[in-house]
Amino acid sequence: MTLNELSWSPSEKKVARAAYDKALERALASIMAEFKRRANAATTPPEMWEVEDYLKEQRRDLDRTFDYRYSQLTVVFATLIRQGYLDEDLLSGLSEEKREEIRRMLAWHKR
């Protein structure tokens, strides 16, 4: 079965949405903290523009990483676990098949 063929039950969709939202909240909090640190440290116009560049880069990274299409969620969840934004135990309501796929991706990436 391919990732596109995985079906998501209504209860799995709720678990997935809650986990996704929690990871997004953590990522945004991390970016916000770093933004504030950089903005407070900026004392020159070039440093100010570096803060803007940082925000643009973070926005692009978020847009690439946070993809809520069901066909992509196992990949997204593996990425978010690897980046430290998601705890695997938040996915406990997903089928063992989906959780195993996420673990396989994590193991493959460790190589």
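In short, a report on the structure. These numbers come from a predicted model, not from an experiment. (Residues numbered from 1 in each chain as written. Predicted model: local features only at pLDDT ≥ 70, side-chain atom pairs only at ≥ 80, totals over all residues. Heavy atoms only, no water.)

**Digging into the nonpolar core**
F77, L86, L91 and I102 are the most contacted members of the largest nonpolar core, which totals 24 residues. Of all the secondary structure elements, the ones that give two or more residues to this core are α1 (10-41), α2 (45-65), α3 (73-82) and α4 (96-110). Contacts of F77, omitting those with residues within four sequence positions, involve W8, A16, A19, Y20, L86, L91, L94 and I102. (Core = buried A, V, L, I, M, F, W, Y, C linked by side-chain atoms within 4.5 Å. Buried < 20%, exposed > 50% of the residue type's maximum accessible area, 1.4 Å probe, protein only. Helix = DSSP H or I, 4+ residues; strand = E, 2+ residues; numbered from the N terminus. Contact = heavy atoms within 4.5 Å.)

**Description of the packing of aromatic side chains**
Under the criterion given, the structure shown has four aromatic pairs. Here the aromatic rings of Y20 and F66 are separated by 5.5 Å at their centres, their planes lie at 80°, and the arrangement is edge-to-face. Taken together, the positions of Y20 in helix α1 and F66 in the loop between α2 and α3 put the pair 46 residues apart, joining distant regions of the chain. We note that Y20, like F66, is buried. Ring geometry for Y20 against Y68: centres 4.8 Å apart, planes inclined by 75°, an arrangement best described as edge-to-face. With a gap of 48 residues between them, Y20 in helix α1 and Y68 in the loop between α2 and α3 connect regions that are remote in the sequence. (Phe/Tyr/Trp six-rings, centres within 6.5 Å; stacked < 30°, edge-to-face > 60°.)

**Comments concerning the side chain of T65**
Relative to the assigned elements, T65 resides in helix α2. Overall, the relative accessible area of 17% leaves T65 in the buried class. In this structure the side chain of T65 is engaged in a polar contact, spanning 2.9 Å, whose partner is the backbone oxygen of D61. Not counting the four nearest positions on each side in its chain, T65 is found in contact with V76, T79, L80 and Q83. (Polar contact = N/O pair within 3.5 Å; in protein donor to acceptor, adjacent residues only side chain to side chain.)

**Details of the pattern of salt bridges**
Under the defined criterion, the tally for this structure stands at 14 salt bridges. Among the ionic pairs, D87 bridges to R26, the shortest N-O distance being 3.2 Å. Of this pair, D87 sits in the loop between α3 and α4 while R26 sits in helix α1; the two residues are 61 residues apart in sequence, bridging distant segments of the chain. Residue D87 is classed as partly exposed on the basis of its relative accessible area, which comes to 36%. Taken together, the shared-partner salt bridges connect E88, E96, E100 and R103 into one network. (Salt bridge = Lys/Arg side-chain N within 4 Å of Asp/Glu carboxyl O.)

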